[in-house]
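# Summary of structural features
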Amino acid sequence: MAAGLRKRGRSGSAAQAAGLCKQWLQRAWQERRLLLREPRYTLLVAACLCLAEVGITFWVIHRVAYTEIDWKAYMAQVEGVINGTYDYTQLQGDTGPLVYPAGFVYIFMGLYYATGRGTDIRMAQNIFAVLYLATLLLVFLIYHQTCKVPPFVFFFMCCASYRVHSIFVLRLFNDPVAMVLLFLSINLLLAQRWGWGCCFFSLAVSVKMNVLLFAPGLLFLLLTQFGFCGALPKLGICAGLQVVLGLPFLLENPIGYLSRSFDLGRQFLFRWTVNWRFLPEALFLHRAFHLALLAAHLTLLLLFALCRWHRTGESIMSLLRDPSKRKVPPQPLTPNQIVSTLFTSNFIGICFSRSLHYQFYVWYFHTLPYLLWATPARWLTHLLRLLVLGLIELSWNTYPSTSCSSAALHVCHAVILLQLWLGLQPFPKSSQHSKKAH
């Protein structure tokens, strides 16, 4: 009898869930005109697009030829570690030395064994296809929580980008691996799991150093949420994980490991640049140009931190205090504050990068809809925003890059930066004074 009651209970709950789902779909059909414009329908549109992406990705793998670029080099570098070489200066591949941190080695070591020592390319493509779908899922969860971007934009983020599909399943670069870990980290931060979020952020950094472009934003969020003393344990997680992952290589040759895996002065080849093709090669390679870009990067980060991210009316130094001891009572960070700060931090870094190669597109591709639609701007209509997205996609699909494609990319970046600066209004001083008077 008890078993019968349990079965009835289960069937009843299943029927109730099916009824709610049916009711939701009926409501969505009735409001189908709003389906592509209202962010509350993000998950429904995302589910449809993910299903479409399964078919598109399968078609791409089986119909478009795979292009070998770095996969064999990755496998050769990993094989060197498997054979007992822990000195980073001795690890080489077909395209050069190993220049990625230890997390890359461990993850691609797993891929090495899963693909028959790197020989089963089709298996590797299938794994990266799953990775691509996981990335989409994590990105859609972020957009669902921010509730800012109209769902029709997601079509251009998914099905319309040839370059991104190519980076994931036709080139097998390590950039997508780093980005899926980064988006998982952001989801954990949105769930207020700051320790785990920092852990996966550090894991993403250990795959490829470009994730450090998000670090200024993450530091600002940690100081806002916890103050200096409270942020130290979270920063300790980030640093500690890097030490643990790199320990075998640090014990063998610490200078070699740090200089290779975190080489901030690495020189890029002019032939592969997407963003600076209109410059003379001598200027592109000049040290003064690199320092000017770094100065501009740091200056703009500081301006955004002072005038746009920090909006309580207190001094920026108040972030170092314990939140309970600040003059303005601390407010919980909203999803949009977290996402806007992280995405903007990364985007500023990309705007002033010394060089962008084709696979670097995934560093910010999935953040572009948020950067364009999250802040209100009457002068930037839906059509103009789509035009910016289209020009960016065209610039990244122009091979080899031209002076026009590079210039167009910078113009689009400037439009987005202007939108971000004008869209986020600073804290009004008058309200601060009125609070003090009150």
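Residues numbered from 1 in each chain as written. Predicted model: local features only at pLDDT ≥ 70, side-chain atom pairs only at ≥ 80, totals over all residues. Heavy atoms only, no water.

Space left empty within the atom packing is revealed by a probe, the size of a water molecule, rolled over the atoms. In this structure, the second largest pocket occupies an estimated 680 Å³ of space. W309, R311, T312, L333 and Q337 are the residues nearest the centre of the second largest pocket, which is lined by 30 residues in total. Within the lining of the second largest pocket, the residues separate by chemical class into 14 nonpolar, 10 polar and 6 charged. (1 Å grid on protein atoms, 1.4 Å probe; cavity = no way out; pocket = protein on both sides within 12 Å on 5 of 7 lines; lining within 4 Å. Points joined across faces, edges and corners; volume = space filled by probe spheres on them. Nonpolar A, V, L, I, M, F, W, Y, C, P; charged D, E, K, R; others polar.)

Taking the UniProt record as the reference, the feature "transmembrane region" (unreviewed entry) is found at residues 41-61, 98-115, 127-146, 177-194, 200-223, 288-307 and 360-379. With 83% helix and 0% strand, residues 177-194 has end C-alpha atoms that lie 21 Å from one another. Structurally, residues 360-379 is divided into 30% helix and 0% strand, and its ends, taken at the C-alpha atoms, are 30 Å apart. (UniProt positions renumbered as here; feature names shortened; annotations may be inferred. Helix = DSSP H or I, 4+ residues; strand = E, 2+ residues; numbered from the N terminus.)

Let's shift gears to the packing of aromatic side chains. For the coordinates displayed, the defined rule picks out 37 aromatic pairs. Both rings, one in W196 and one in F200, keep their centres 6.4 Å apart while their planes meet at 35 degrees; by these two values the pair is tilted. Residue W196 and its partner F200 are both found in helix 10 (residues 194-205); the two are separated by 4 residues, about one turn of the helix. Considering the side-chain rings of Y257 and F262, the 6.5 Å spacing of their centres and the 85 degrees angle between planes classify their relative orientation as edge-to-face. Residue class for F262 comes out partly exposed when judged on its relative accessible area of 23%. One aromatic cluster in this structure is built from W71, Y74, Y100, F104, F108 and F128. R277 extends its terminal NZ or CZ atom over the ring of F270, reaching a point 4.9 Å from the ring centre. (Phe/Tyr/Trp six-rings, centres within 6.5 Å; stacked < 30°, edge-to-face > 60°. Buried < 20%, exposed > 50% of the residue type's maximum accessible area, 1.4 Å probe, protein only. Lys NZ or Arg CZ within 6 Å of the ring centre and 35° of its normal.)

Before going further, it helps to spend a moment on the packing of helix 11 (residues 215-252) against helix 15 (residues 335-351). Packed helices, taken two at a time, are described by their axes: the angle between them and the distance between them. At a closest axis distance of 7 Å, the pairing of helix 11 and helix 15 adopts a crossing angle of 150 degrees. Between helix 11 and helix 15, the angle is such that the two are roughly antiparallel. Of helix 15, the residues touching helix 11 (which contributes P216, G217, L218, F220 and L221) are Q337, I338, T341, L342 and S345. Tallied by class, residues from the contact of helix 11 with helix 15 come to 6 nonpolar, 4 polar and no charged. (Axes fitted to C-alpha atoms, helices over the stretch in contact; angles between N-to-C directions. Parallel < 35°, antiparallel > 145°, perpendicular 65-115°, else oblique. Contact = heavy atoms within 4.5 Å.)

All right, on to the nonpolar core then. Residues F108, F343 and I392 are the most contacted members of the largest nonpolar core, which totals 127 residues. For this core, the element with the most residues is helix 6 (residues 121-146), which contributes 11 residues. Those residues in contact with I392 that lie beyond four places of it in its chain are Y361, Y364, L368, L409, C412 and I416. (Core = buried A, V, L, I, M, F, W, Y, C linked by side-chain atoms within 4.5 Å.)

For the rest of this paragraph, the subject is helix 12 (residues 254-261). Among all positions of helix 12, only G256, Y257 and S261 are buried. The arc that holds the buried residues of helix 12, viewed along the axis, is 100 degrees, so those residues lie on one side. Looking at the packing, one finds that the buried side of helix 12 touches helix 5 (102-114) and helix 11. (Arc of directions from axis to C-beta.)

Moving on, we come to the side chain of T367. Tracing the chain through its elements places T367 in the loop between helix 15 and helix 16 (368-373). Once residues within four sequence positions are removed from consideration, T367 is found in contact with Y143, F183 and F343.

Our focus in this paragraph is the confidence of the model for the protein. Summing up the model confidence of the protein, the mean pLDDT is 89 and the portion of residues at 70 or higher is 92%. A low-confidence stretch, residues 426-438 (pLDDT under 50), is modelled with 8 contacts involving residues beyond four sequence positions or located in other chains. (pLDDT = per-residue confidence, 0-100.)

Moving on to the pattern of salt bridges. In this structure the tally under the stated criterion is 2 salt bridges. Of the charged contacts in the structure, one is a salt bridge between E38 and R40, with a shortest N-O distance of 3.5 Å. E38 sits in the partly exposed class, given a relative accessible area of 27%. The partner of K208 in a salt bridge is D175, with the nearest N and O atoms 2.7 Å apart. Here the residue K208 occupies a position in the loop between helix 10 and helix 11, and D175 occupies one in helix 9 (residues 175-190), the gap between them amounting to 33 residues. (Salt bridge = Lys/Arg side-chain N within 4 Å of Asp/Glu carboxyl O.)

Another aspect to go through is the side chain of Q77. Along the polypeptide, Q77 turns up in helix 4 (residues 71-82). Those residues in contact with Q77, other than ones at most four positions away along the chain, are L91, Q92, G93, G96, P97, L98 and F104.

Before going further, it helps to examine helix 9. An ideal rise of 1.5 Å per residue puts 22 Å on 16 residues; helix 9 measures up with 23 Å between its terminal C-alpha atoms. Summarising burial for helix 9: 15 of the 16 residues are buried, a large majority. At the C-terminal side of helix 9, Q192 shows a positive phi close to 65 degrees. (Expected span 1.5 Å × (residues − 1).)

Looking now at the environment of V60. Topologically, V60 is positioned in helix 3 (residues 42-63). Along the chain, V60 and L170 lie 110 residues apart, while their C-alpha atoms are 8.1 Å from each other. What V60 contacts, discounting residues up to four positions off in sequence, is V169 and L170.

In this section: unusual backbone geometry. The phi torsion of most residues other than glycine is negative, and most of the peptide bonds are trans. Residue Y399 is joined to P400 through a cis peptide bond whose omega torsion reads -10 degrees. By secondary structure assignment, the location of P400 is in the loop between helix 17 (382-397) and helix 18 (403-423). Positioned with a positive phi, Q192 is a non-glycine residue whose angle comes to about 65 degrees. Within the secondary structure layout, Q192 lies in the loop between helix 9 and helix 10. Q192 sits in the partly exposed class, given a relative accessible area of 37%.

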